[in-house]
Amino acid sequence: LFSGTFLCPSFFRGLKELDRPRFCRTLSSMAQLAYQDEPALSAALLRSLSDRVYEKRKTAALEIEARMRELVEKQERGGKDIERILELLGKEYAGSNQANYRKGGLIGLAAATLGLNSSAHKYLNLLLPPVLLCFPDQDSRVRYYACEALYNVAKVTRSKILAHLNEIFQGLCRLCADIDQGVKNGAQLLDRLLKDIVANEPTFTVDAFIPVLRNHLNHTSSHVRHFLVGWVSTLHAMPHVDLHPFLPQILEGLFAMLNDSSREIRQRADSCLAQMLRTLQASESIAFAELTPVVVRCATEQSRRSIEIEPKFDEGSNSGAADTGEERDRVALMWLLEFTRLGKEAVLPFTGELVQLLLKVSSASERTREIAEKIDAQLRALIAEKSVNADKVVKELDLLSILSSILGFLNDGNVQTRLQALTWLDLLVDMMFRPGEKASHRDLKLLVPLVSMVRDKDQQVLRQTLAVIAKVSERSDSTALPHIIRELLLVFASDATLMQERSGVMVKELCQRLDPEKVYLELALQLEAASTVQEDHVARCLTEKLTMILLTVPEMSTLRDRLRLEPDGPASGKPSKGDERALFLALHRSWSRFPAAGLCLCLLAGEYQRSCDLVEEIGRRMRDCTGDETMRILIQLDKLVQLIESPVLAPLRMQLLQPTEHPHLIRAMYGILMLLPQSEAFEVLRRRLKAVPTLALLALAQAQPPSGRVKGVLST
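Residues numbered from 1 in each chain as written. Predicted model: local features only at pLDDT ≥ 70, side-chain atom pairs only at ≥ 80, totals over all residues. Heavy atoms only, no water.

A. Expanded view of the overall build of the protein chain. Counting secondary structure elements, the protein chain contains 37 helices and zero strands. When the 716 residues of the protein chain are sorted by exposure, 50% land in the buried category. Of the roughly 34,200 Å² that the protein chain leaves accessible, carbon and sulfur atoms contribute 51%. (Helix = DSSP H or I, 4+ residues; strand = E, 2+ residues; numbered from the N terminus. Buried < 20%, exposed > 50% of the residue type's maximum accessible area, 1.4 Å probe, protein only. Areas by Shrake-Rupley, 256 points an atom, 1.4 Å probe, with all protein chains shown as cover.)

Here you go:
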């Protein structure tokens, strides 16, 4: 005991005075000094522990295990010896710069854990840190020994190690994607052991574990994803673990795995999500407010932020995989279908996001579209059910959000997507525009992108667009129609081809859906205000098309009837009605700028005296205008002759039989005949006028005194 120690004077005084208590205290102090100088492990054992030969390291580990068992049996001094040994193995060996020392330290720590047995959990703060620090070691054997050491620690300490689960889990994420197969195998064994420990620990809670799991779910390595989806499935299958409150945090990572290049990963992620959805359906409380935006985001996001903890271990990356998002969209839509079925009113606040998703997948595969159509139908039915209380629906729905979601798809390349967007826009108009209420400036701004849709080449899209435009005008006050006409004229002014080819179709469609009189009056008012050359060109072309629509379209019969005034006004002895007169004058102010169109309007309305004046005006213009303008006028007159032969103007032809009552009509007809070149139209009109009874013309000539005869009419 006293070999190599310093004998202090107090020892001799106690021995001399035979003071037994003092002697014992002194002897104890001497023993402590001797103990501090005694090495925890022998030098030979330490040399064997760091030897290159595995068998020598193994022998040293067995001695450490036996030494630990001895120290555990010592009640008074064993604890300090254990700490000294573990610190030595952890700091001097496992933390050494030499690989053999690190291997020996890890083997020693594993053996020490086995020796400590049931007492090992008391020293986890000394056992775990050096082992975890060796997980990213450059030497694959060191990583393997670290995995083996941690396996022994977990096997011995069992549930006590769960307090350090987060740190161990992060280390396993690294090892499961290791380039060395032996390390991977060791990590898999450790992974299974940890899952077994968690499954058999009823007091385990995931509150602190979920944030770590969520952060790692963004990995793109197939090996890591295989490891992660295994943990999620294990936790979900445990009866004492409720993952439902944490689904908003982990769903995005699981949905991202549906696009993995590995078929196995996709299948496992799909199976895991399907199991979660089944248990969610049976749940009485579902956090729709938290889950719905997450699932929508999973389907609509085109890219996700991915992290790489250790790129050199990430050989299973799916960087070459084609991320079409088809599978992700399908599974997300299945979740949302259940949300709309179970949640009902709870999903209304997310209508904008849902509509955006439905429009996005409208061009997807047939299987995905079928699910989207079911969601679309349920969502529309839900809104229709709530539309009885319109104020409540408007409060629950963010109309601006829905509107912005729809407008983004109006110019989509897929026809079905555009049609579905217009269908939703039609439903939105019902909620935004109340019948009889004044349309706000915000609501009218909707018309700008909507009117621009008339450029669409698809006829079905065009008709649906005009239907929505007509509904906006019909449901709002009188300010909407002028705004619509103004925007349409701007579109026509910017696209001459569109104006020539489709403006007539658009006006016809609007007249069929709205009051044609209001449409014509507003067009006449705005065309009359045309001032620039471009606006004048638009006015000319549109006036000609409006004239043809008025005279040929059956649906315009009501307007034609209102325009048919009593012929020749006061000369007929039957005064015209004020409303019809105002309608004619409003149109005539705009039409008269273009005599050929104005002439058609006057003939239809029975304003034959004005017709004569316009014929004379046409003659003067043909004398003074260019060849192109003359050709345009002649074409219009040719069309007019064809219209005279149509059923619409049959009353006019019957009035030719009464020259004395309609003298200006006769004069106008002969005037047109004189303006026409000797073409087919000339012959048609000449043959028609030949059918006028000669005796009636003679009677007309005799009834008129020489001073009062109508100029231009045959007289003797």
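B. View of the nonpolar core. The biggest cluster of nonpolar side chains holds 226 residues, and the ones touching the most others in it are L235 and W335. By residue number, the principal contributor to this core is helix α21 (residues 415-432), which donates 10 residues. Residues contacting L235, with those up to four places away along its chain left out, are V198, F204, V206, F209, L213, V241 and L243. (Core = buried A, V, L, I, M, F, W, Y, C linked by side-chain atoms within 4.5 Å. Contact = heavy atoms within 4.5 Å.)

C. Summary view of the layout of surface pockets. One number sums up the size of the largest pocket: a volume of about 350 Å³. Contributing elements (two or more residues each) for the lining of the largest pocket: α24 (459-475), α25 (480-494), α27 (516-528) and α30 (578-591). The element that contributes the greatest number of residues to the lining of the largest pocket is α27, accounting for seven residues. Split into classes, the residues belonging to the lining of the largest pocket amount to eight nonpolar, three polar and seven charged. (1 Å grid on protein atoms, 1.4 Å probe; cavity = no way out; pocket = protein on both sides within 12 Å on 5 of 7 lines; lining within 4 Å. Points joined across faces, edges and corners; volume = space filled by probe spheres on them. Nonpolar A, V, L, I, M, F, W, Y, C, P; charged D, E, K, R; others polar.)

D. How the structure looks around the side chain of S96. Structurally, S96 is set in the loop between α5 (78-94) and α6 (99-116). A polar side-chain atom of S96 sits 3.1 Å from the main-chain amide nitrogen of Q98. With sequence-adjacent residues up to four places away left out, S96 is seen in contact with K91, Y101 and R102. (Polar contact = N/O pair within 3.5 Å; in protein donor to acceptor, adjacent residues only side chain to side chain.)

E. Representation of the pattern of salt bridges. A complete count under the given rule lists 34 salt bridges for this structure. Residue E65 pairs with R69 through a salt bridge whose shortest N-O separation is 2.5 Å. You can see E65 and its partner R69 sitting in helix α4 (residues 54-73), four residues apart, about one turn around the helix. One salt bridge connects R593 with D536, and the closest N-O pair in it is separated by 2.5 Å. Taken together, the residues R593 in the loop between α30 and α31 (595-605) and D536 in helix α28 (residues 533-552) connect sequence positions 57 residues apart. One continuous salt-bridge network, built from bridges that share partners, spans D426, D430, K471 and R475. (Salt bridge = Lys/Arg side-chain N within 4 Å of Asp/Glu carboxyl O.)

F. Here's a closer look at the packing of aromatic side chains. All chains considered together, the criterion is met by 10 aromatic pairs. Here W335 and F339 contribute two aromatic rings whose centre-to-centre distance is 6.2 Å and whose plane-to-plane angle is 90 degrees, an arrangement assigned as edge-to-face. Residue W335 and its partner F339 are both found in helix α16 (residues 326-343); the two are separated by four residues, about one turn of the helix. The class for F339 is buried, based on a relative accessible area of 2%. (Phe/Tyr/Trp six-rings, centres within 6.5 Å; stacked < 30°, edge-to-face > 60°.)

G. Here's a closer look at the packing of α6 against helix α8 (residues 140-157). Closest axis-to-axis distance for the α6/α8 pair is 9 Å, and the angle between their directions is 10 degrees. By the angle between their axes, α6 is roughly parallel relative to α8. Of the residues in α8, those in contact with A99, R102, K103, L106, I107, A110, T113 and L114 of α6 are R141, V142, Y145, A146, A149, N152, V153 and V156. Broken down by class, the residue content of the contact of α6 with α8 amounts to 11 nonpolar, two polar and three charged. (Axes fitted to C-alpha atoms, helices over the stretch in contact; angles between N-to-C directions. Parallel < 35°, antiparallel > 145°, perpendicular 65-115°, else oblique.)

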